[in-house]
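Secondary and tertiary structure notes
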Amino acid sequence: MIVPFLDMRSMLAPDDQLIREALWRVVDRGVFILGEEVTAFEKEFRDYLFPKGEGEVVAVNSGTDAIKLSLLAAGIGPGDEVITVPNTAIPTAAAICSVGAVPVFCDIDAQTWTLDPESLRDCLSSRTRAVVPVHLYGTPCVMDAIECFAREHGLIIVEDVAQAAGAWWDGRACGTLGNFGAFSFYPTKNLGALGDAGAIAVRDPGLAEKLRWLRNYGQSDRYHAQLHRGENSRMDEMQAAVLRVRLKRLEQILRDRRKRAKLYRTLLSEFAPVSLQQHPAASRVAPHLFVIAIDSVVKGRDEVVAQLASKGVQALIHYPLPLTHQPAFAGSKCHCPVAEKVCNSILSLPFYETIPEHHIEYVVECIREVL
Ligand SMILES: *Cc1c(COP(=O)(O)O)cnc(C)c1O
């Protein structure tokens, strides 16, 4: 049996007809940049994230730019330090560096694999300006402790919510807890476009306006430049039209993903060589990846991945190398023993909202055999 890591076509199949109609609607209208689809998506996603209407959404062209523009809007730049975790996608740190700031890497919790608030204090300096917590694999960070620390030290919070659209923390949507929430709609994410796209959730209307200028060359309106620094980071109409279709089904997508994550969890429970990510109590998870940790005394992780591949199971690793070990970020300030240990033991199993249950059963069978 061949079990692919994911199957994009089967994920899109339920929306096939509506997506085709949405794309042709844009073509027939003939407006491709900053038109009514983007405006409508921003409103619909805002209503989803901020049911009480207390914030805004600014659509941009990627999750990376969502982080970058948030930092720019907050006035963060050269000489500033931004705390994040080493077990994240490279763009989290690339976005920090792109504004001229320096990433400082904080350790993670051994159970939740997300930012350990206890470790924040070790990263603090007189240059620290912001924290970028990452809701890894769709699991919310322990936000109350992070918010407390940020308030105490006057830091900006930019949530990296690229993997966690639809996750909630203590009754509020992830992405609306910090000053900014940076979403990615990369096709494989929980809420996926058919290309690059992203968005920023922001509570302060003044910052929302600044973000709208930043994404559009620094212009407030055509031919009026307000900002010295501007970017071209607009979400295009095609992606907005597709995302409006996908957003309507996001809750169903998440129910399907939770059901499948639960099946994996049940089948793997009480299997000693495997441990799973723990979810903090106040959270509603939006499962993006299904990641397991292998007890290295039983077998090395890379060997497990290779043996699964020989049985037709495609496992990946998110992420094989902590950012602190990447040449680009070598020499960064860090003390991350837990993150380094976790990075060496994890692997991601095939997981998407339409994965057949017999694939999950086969994957678990293979894992039990291999271990
Ligand atoms: C996908 C991802 C990003 C980057 O999003 P893009 O839309 O690809 O730019 C940033 N951070 C994390 C944690 C991600 O998973």
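Refer to the structure presented above.
In this report, the structure presented in the accompanying data block is examined. This structure is a prediction, so every number in the text was calculated from the model and none was measured. (Residues numbered from 1 in each chain as written. Predicted model: local features only at pLDDT ≥ 70, side-chain atom pairs only at ≥ 80, totals over all residues. Heavy atoms only, no water.)

Scanning the entire structure with this criterion turns up 11 aromatic pairs. With centroids separated by 5.6 Å and ring planes inclined at 90 degrees, the aromatic side chains of Phe 41 and Phe 185 adopt a geometry described as edge-to-face. With Phe 41 in helix α3 (residues 36-49) and Phe 185 in the loop between β8 (180-184) and β9 (198-202), this residue pair connects regions lying 144 residues apart in the sequence. Look at Trp 113 and Tyr 137: their rings are 6.4 Å apart centre to centre, the planes differ by 85 degrees, and that puts the pair in the edge-to-face class. Residue Trp 113 is found in the loop between β3 (102-105) and α6 (120-123), and its partner Tyr 137 is found in the loop between β4 (128-131) and α7 (143-153); the two are separated by 24 residues along the sequence. Since its relative accessible area comes to 4%, Trp 113 is described here as buried. The class of Tyr 137 is buried, set by a relative accessible area of 3%. Taken together, the aromatic side chains of Phe 41, Phe 45, Tyr 48, Trp 168, Phe 183 and Phe 185 make up a single cluster linked through ring pairs. (Phe/Tyr/Trp six-rings, centres within 6.5 Å; stacked < 30°, edge-to-face > 60°. Helix = DSSP H or I, 4+ residues; strand = E, 2+ residues; numbered from the N terminus. Buried < 20%, exposed > 50% of the residue type's maximum accessible area, 1.4 Å probe, protein only.)

Roughly 480 Å³ of internal volume is contained in the largest pocket. Ala 89, Gln 163, Tyr 186, Lys 189 and Tyr 319 are, among the 28 residues lining the largest pocket, the residues nearest its centre. At three residues, the largest contribution of residues to the lining of the largest pocket is made by helix α4 (residues 63-73). Residue classes in the lining of the largest pocket are distributed as 14 nonpolar, 10 polar and four charged. (1 Å grid on protein atoms, 1.4 Å probe; cavity = no way out; pocket = protein on both sides within 12 Å on 5 of 7 lines; lining within 4 Å. Points joined across faces, edges and corners; volume = space filled by probe spheres on them. Nonpolar A, V, L, I, M, F, W, Y, C, P; charged D, E, K, R; others polar.)

Turning to the sheet that holds strand β7 (residues 172-173), a few remarks are in order. The strand order β7-β6-β13 describes an open sheet built from three strands, whose pairing is antiparallel. The strands lining the two open edges of the sheet, one partner per strand, are β7 and β13 (283-284). When strand β6 (residues 168-169) meets β13, the two strands line up antiparallel, connected through two bridges. From the neighbouring strand, Trp 168 faces β13, where its bridge partner is Arg 284. (Pairing = 2+ DSSP bridges.)

Once that is clear, we can look at the side chain of Ser 62. Among the structural elements, Ser 62 can be located in the loop between β1 (56-60) and α4. Here Asp 65 takes part through its backbone nitrogen, which lies 3.0 Å from a polar atom of the side chain of Ser 62. Every residue in contact with Ser 62, bar those within four places of it in the chain, is listed here: Phe 183, Ala 197 and Gly 198. (Polar contact = N/O pair within 3.5 Å; in protein donor to acceptor, adjacent residues only side chain to side chain. Contact = heavy atoms within 4.5 Å.)

A word on the nonpolar core. Considering soluble globular proteins, one finds that nonpolar side chains tend to be buried as a cluster. Of all hydrophobic cores here, the largest spans 65 residues; its most connected members are Phe 45, Leu 49, Phe 183, Phe 185 and Met 235. With five residues, α3 is the largest single contributor of residues to this core. Beyond its immediate chain neighbours, meaning those up to four positions away, Phe 45 contacts Val 57, Phe 183, Phe 185, Leu 191 and Leu 247. By size, the runner-up hydrophobic cluster in this structure holds 28 residues, among which are Tyr 264, Phe 290, Leu 308 and Tyr 362. (Core = buried A, V, L, I, M, F, W, Y, C linked by side-chain atoms within 4.5 Å.)

This paragraph deals with helix α8 (residues 205-215). Ala 208, Leu 211, Trp 213, Leu 214 and Arg 215 are the residues of α8 that are buried. Among the residues trailing α8, Tyr 217 stands out with phi positive, at a value near 65 degrees.

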